[in-house]
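Residues per chain are reported as follows:
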Amino acid sequence: MVGLSPVEQRAPGQWQVATVSAIKPETPRVKSFRLELPMWMPHLPGQHYDVRLTDPDGYSAQRSYSIASSPLDEGAIELTVDKLADGEVSPYFHDVLVEGDQVEVRGPFASYFVWHGEAPGLLVGGGSGVVPLMAMLRHRRRTMPELPMRLVYSVRTAEDVIYAAELGDDAELTFTREPPAGWGGHTGRIDAPMLAGASGTAFVCGSNGFVEAASSLLLETGFDPGRVRTERFGPTG
């Protein structure tokens, strides 16, 4: 077993120019981007980076994206970006960026919605809210595989499943609109039985409505409110 990598909270770094070294399609509208950083520092699973784009006229747009990779991936981070039709940054990532291109980034940020490896965890994600939870799951798999941690993941259809090839026995899916053919698992919204039996800290990430509903269910199952941490994804992109 690999010992838990000590990752301490640090002040965010300055703006730096990252190089896109790999692009991986996850779903029809979601891609993962591996960014090589000249001034890399370990992040905490759950933290995010700011991305800034500036056009020749000087106009700039800035957005925050959660880190999907483990802090053990030295020298690089992975950002998973959901393309929004009315976004300013996400369409550029999807339609313009190619391997070898460069973008400005700064981080890592956030100190509340992070996993330090100190307790078992329940991860509850809706849609692209799974991204920071995947950083936690990936890091736990590599450092403390014996520590109980379970991901409960809600998506609309099979083509909306992000990281589909990586979801194993420590993940439970539910499809709210159309399950895949032959699906024998859970369908519909996440319910209390899906969340029962967990201990430690719960991390909930998704839209406002999803976070409210999942948090209420966790309290119904007996979770201590002080052990429920939430992150809400807004519509900007």
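Whatever comes next refers back to the structure up there.
Now for a look at the structure at hand. Please read all numbers here as calculations on a predicted model, not as lab measurements. (Residues numbered from 1 in each chain as written. Predicted model: local features only at pLDDT ≥ 70, side-chain atom pairs only at ≥ 80, totals over all residues. Heavy atoms only, no water.)

Some words on the pattern of salt bridges
So, step 1. Counted by the stated rule, this structure contains 13 salt bridges.
So, step 2. In this structure, the salt-bridge partner of Glu78 is Arg138, at a minimum N-O distance of 3.2 Å. With Glu78 in strand β5 (residues 76–82) and Arg138 in helix α2 (residues 130–143), this pair connects stretches of sequence that are 60 residues apart.
So, step 3. Assessed through its relative accessible area of 16%, Glu78 is described here as buried.
So, step 4. The shortest N-O distance in the salt bridge between Asp170 and Arg140 comes to 3.0 Å. Of this pair, Asp170 sits in the loop between β8 (149–157) and β9 (171–178) while Arg140 sits in helix α2; the two residues are 30 residues apart in sequence, bridging distant segments of the chain.
So, step 5. Linked through salt bridges whose partners overlap, the residues forming this network are Glu78, Arg138 and Glu166. (Salt bridge = Lys/Arg side-chain N within 4 Å of Asp/Glu carboxyl O. Helix = DSSP H or I, 4+ residues; strand = E, 2+ residues; numbered from the N terminus. Buried < 20%, exposed > 50% of the residue type's maximum accessible area, 1.4 Å probe, protein only.)

A short note on the sheet that holds strand β4 (residues 60–66)
So, step 1. With antiparallel pairing, 6 strands are arranged side by side in an open sheet as β4-β3-β6-β1-β2-β5. Pairing within the sheet leaves two strands with one partner each, and these edge strands are β4 and β5. Strand-to-strand twist of the sheet, defined as the mean angle between neighbouring strand axes without regard to direction, takes the value 40°. (Pairing = 2+ DSSP bridges. Axes fitted to C-alpha atoms, helices over the stretch in contact; angles between N-to-C directions.)

Quick notes on the pairing of strand β11 (residues 201–206)
So, step 1. Within β11, 6 of the 6 residues are buried, leaving the element largely enclosed by the surrounding structure.
So, step 2. Because side chains alternate across β11, one face comprises the buried residues Thr201, Phe203 and Cys205, and the other comprises Ala202, Val204 and Gly206, equally buried.
So, step 3. Note that strand β7 (residues 121–126) and β11 share 5 bridges and pair parallel. Of the residues in β11, the one forming a bridge with Gly121 is Thr201.
So, step 4. Sheet topology note: the β11/strand β12 (residues 228–232) ladder contains 5 bridges and is parallel. Its bridge partner being in β12, Phe203 is matched across the sheet by Arg229.
So, step 5. Running through helix α4 (residues 208–220), the crossover from β11 to the neighbouring parallel element β12 is right-handed. (Right-handed = clockwise from strand over helix to strand, strands pointing away.)

Topic: the side chain of His43
So, step 1. The residue His43 is located in the loop between β2 (30–36) and β3 (48–54) in this model.
So, step 2. A polar contact of 2.8 Å, which involves the side chain of His43, links it to the backbone oxygen of Ser69. (Polar contact = N/O pair within 3.5 Å; in protein donor to acceptor, adjacent residues only side chain to side chain.)

Notes on α2
So, step 1. In a regular helix each residue adds 1.5 Å, so 14 residues correspond to 20 Å; α2 covers 20 Å between its end C-alpha atoms and thus fits that length.
So, step 2. For α2, the tally of buried residues reaches 12 of 14 residues, placing the bulk of the element in the interior.
So, step 3. Of all the residues in α2, the buried ones are Val130, Val131, Pro132, Leu133, Met134, Ala135, Met136, Leu137, Arg138, His139, Arg140 and Thr143.
So, step 4. Looking at the buried side of α2, the elements it contacts are β4, β5, β7, β8 and β11. (Expected span 1.5 Å × (residues − 1). Contact = heavy atoms within 4.5 Å.)

Some remarks on α4
So, step 1. For α4, spanning 13 residues, the distance from its first C-alpha to its last is 19 Å, which sits close to the expected 18 Å at 1.5 Å a residue.
So, step 2. Taken together, the buried positions of α4 are Phe210, Val211, Ala214, Ser215, Leu217 and Leu218. With its buried residues spanning 160° around the axis, α4 presents them on a single face.
So, step 3. As for α4, its buried residues are in contact with β7, β8, α3 (192–195), β11 and β12.
So, step 4. Directly after α4, the chain includes Gly222, whose backbone phi takes a positive value near 100°. (Arc of directions from axis to C-beta.)

A closer look at the sheet that holds β7
So, step 1. Strand order in this open sheet of 6 strands is β10-β9-β8-β7-β11-β12, and the pairing throughout is parallel. The sheet is open, and its two edges are formed by β10 (186–187) and β12, each paired on a single side.
So, step 2. Sheet analysis places β8 next to β9, joined by 6 bridges and oriented parallel. The partner of Tyr153 across the bridge, within β9, is Leu173.
So, step 3. Set on the sheet, α4 makes contact with β7, β8, β11 and β12; between it and β11 the angle comes to about 155°.

A closer look at the nonpolar core
So, step 1. Of all hydrophobic cores here, the largest spans 25 residues; its most connected members are Leu123, Leu133, Leu151 and Tyr153.
So, step 2. Tallying contributions element by element places α2 first for this core, with 6 residues.
So, step 3. Non-local contacts of Leu133, meaning those with residues more than four positions away in its chain, are made with Phe113, Leu123, Val124, Gly125, Leu151, Phe203 and Cys205.
So, step 4. Core analysis: the second largest hydrophobic core is formed by 19 residues, Ala61, Ile67, Phe93 and Val105 among them. (Core = buried A, V, L, I, M, F, W, Y, C linked by side-chain atoms within 4.5 Å.)

These figures come from the coordinates and say nothing about function on their own.
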